[in-house]
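# Observations on the three-dimensional arrangement
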Amino acid sequence: MGRIGRMLFRRLANDPQLEVVAVNDLMDAANLAYLLKYDSLYGAWQQELLQEKNEFTVAGRKVAVLQEAEVTNINWKKYAVDVVLECSGAYSSKAKAAQHLTAGAKRVLLSTTGSSDIPLLIYGHNHTNPAGKDEIVSPGGCMTNCSTHILYLLNAIGIESAQLNILHSYTSRQELVDAAHKQYRRGRAAAESIIPVEIDLAQSLERLLPLEGRIATVSVRIPVTNGAMADITVQMKEDISKEQINALFKKAAANEYKGILQYTEDPLVSADIRGNTHSCIIDGQLTSVVGRQLKLIAWFDNEYGYTSRMIDWLRYWND
Ligand SMILES: NC(=O)c1ccc[n+]([C@@H]2O[C@H](COP(=O)([O-])OP(=O)(O)OC[C@H]3O[C@@H](n4cnc5c(N)ncnc54)[C@H](O)[C@@H]3O)[C@@H](O)[C@H]2O)c1
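Residues numbered from 1 in each chain as written. Predicted model: local features only at pLDDT ≥ 70, side-chain atom pairs only at ≥ 80, totals over all residues. Heavy atoms only, no water.

We now examine the pattern of salt bridges. The final tally for this structure, using the stated rule, is nine salt bridges. Linking Lys106 and Asp82 is a salt bridge whose minimum nitrogen-to-oxygen distance equals 3.0 Å. Here Asp82 lies in the loop between strand S6 (61–66) and strand S7 (83–86) and Lys106 lies in the loop between helix H3 (94–102) and strand S8 (107–110), a separation of 24 residues in the sequence. Owing to a relative accessible area of 56%, Lys106 belongs among the exposed residues under this scheme. Connected through salt bridges with shared partners, the residues Arg3, Asp39 and Glu303 form a single ionic network. (Salt bridge = Lys/Arg side-chain N within 4 Å of Asp/Glu carboxyl O. Helix = DSSP H or I, 4+ residues; strand = E, 2+ residues; numbered from the N terminus. Buried < 20%, exposed > 50% of the residue type's maximum accessible area, 1.4 Å probe, protein only.)

Here it is in structure tokens:
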């Protein structure tokens, strides 16, 4: 239970329809309780949490706290687990995620893009696909959740090619001070530099949209602890105008993408979108057009917006 796991726990603790019955992490229960109570980004939790040995009591509910590095040592059946929210990043291949099923869970929802043999389904785009009822589902990463909708809507007009640069707060998959790392740049002090990192966003988008060979992506980690901004440049097949594009997204935000995509003309900075539940927030002021080349800026809270979609998945299955 890292950033994503704890965010989900906080948000589900009082849910009338969904109940967290057990959690698992490498850290002990006392440390986990402390990190749930005090969060550097979202503040102290107003909800009381009691921790006694390997059990939490929150909002009158008991939650078992496990400390197992191997899923094979867990018995999810004992807790009648319907869905495992796999938020460690360590069980993202189909074979690894399936260990949760063997352990007795009925379903696994990853918190990332898993291996290519796991259905990749973006809530609000293709979640109603029959594969959405599979036992293991990848809801994509936060960047995929932001950019899929944008490219899908633009491709209805016609995309020639697209370049995406996602400026993203730093995460635990970087180092805080210079250290060895397989990807050298991820090993550089996260709060000190603007750090380009390798991502698999283009491959994910090619699985979701008919744009093979026409998308390139890069992500730049920036020295903030939360928030992301997608800077998207698209070569369109037709002449377009700023007004036409903004009207397209404004309409989508008020209709079929309500709750998932937001449109604003407020002069935002990343701190303004903390706690925003949308997967992407189009910044209409910054839309620009040169010839058939379009530049679009979209914000998202990589933690709050993203976990909102994971909770949508749970509600979808629950209904
Ligand atoms: N942080 C984000 O902005 C963000 C957004 C969307 C998706 N994700 C994805 O969610 C996943 C988690 O990201 P995070 O930022 O929460 O990471 P994190 O490092 O904060 O949390 C990972 C947690 O998993 C635990 N863990 C590691 N190995 C484990 C194991 N074998 N068994 C049990 N627990 C184990 C760690 O102790 C840690 O608490 C990653 O795959 C990431 O790509 C992260």
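Their axes nearest at 11 Å, the elements helix H4 (residues 142–155) and helix H6 (residues 242–254) cross at an angle of 120°. Classed by the angle they form, the pair H4 and H6 counts as oblique. Between H4 and H6 lies a crossing of right-handed hand. Taking contact as the criterion, the partners of Ile150, Leu153 and Leu154 in H4 are, on H6, Ile245, Leu248, Phe249 and Ala252. Its residues placed into classes, the contact of H4 with H6 shows seven nonpolar, no polar and no charged. (Axes fitted to C-alpha atoms, helices over the stretch in contact; angles between N-to-C directions. Parallel < 35°, antiparallel > 145°, perpendicular 65-115°, else oblique. Left-handed = near helix turned anticlockwise from the far one by under 90°. Contact = heavy atoms within 4.5 Å. Nonpolar A, V, L, I, M, F, W, Y, C, P; charged D, E, K, R; others polar.)

Attention now moves to the site of the ligand. Close contacts around the ligand come from 22 residues, with Ile4, Asp25, Ser111, Ser172 and Asn302 the closest. Take Arg3: an N or O atom from its main chain is 2.9 Å from an oxygen atom of the ligand. Note that an oxygen atom of the ligand is positioned 2.7 Å from one of the side-chain N or O atoms of Asp25. Taken by itself the ligand offers 820 Å² of open surface, and the protein chains cover 82% of this. Partitioning the shell around the ligand into residue classes produces nine nonpolar, nine polar and four charged. Looking at which domains feed residues into the shell around the ligand, each of domain 1 (3–140 + 307–318) and domain 2 (142–302) gives three or more. (Near = heavy atom within 4 Å. Polar contact = N/O pair within 3.5 Å; in protein donor to acceptor, adjacent residues only side chain to side chain. Areas by Shrake-Rupley, 256 points an atom, 1.4 Å probe, with all protein chains shown as cover. Domains from an automatic or database assignment.)

It is worth spelling out the domain arrangement of the chain at this point. Segmentation of the chain into domains returns domain 1 (3–140 + 307–318) and domain 2 (142–302). Facing the 20 residues of domain 1 at the interface are 23 residues of domain 2. Summed over both partners, the interface of domain 1 with domain 2 comes to about 1,500 Å²; 53% of that surface belongs to carbon and sulfur atoms. Of all residues in domain 1, the largest losses of buried area upon contact with domain 2 belong to Leu41, His125 and Arg309, amounting jointly to 37% of the total for that side. Our count for the domain 1 to domain 2 interface comes out at nine residue pairs in polar contact (both at pLDDT 80 or more). Secondary-structure elements contributing two or more residues to the side of domain 1 that touches domain 2 are helix H1 (3–12) and helix H7 (304–318). Classifying every residue of the side of domain 1 that touches domain 2 gives nine nonpolar, nine polar and two charged. (Buried area = accessible area lost by both parts, 1.4 Å probe.)

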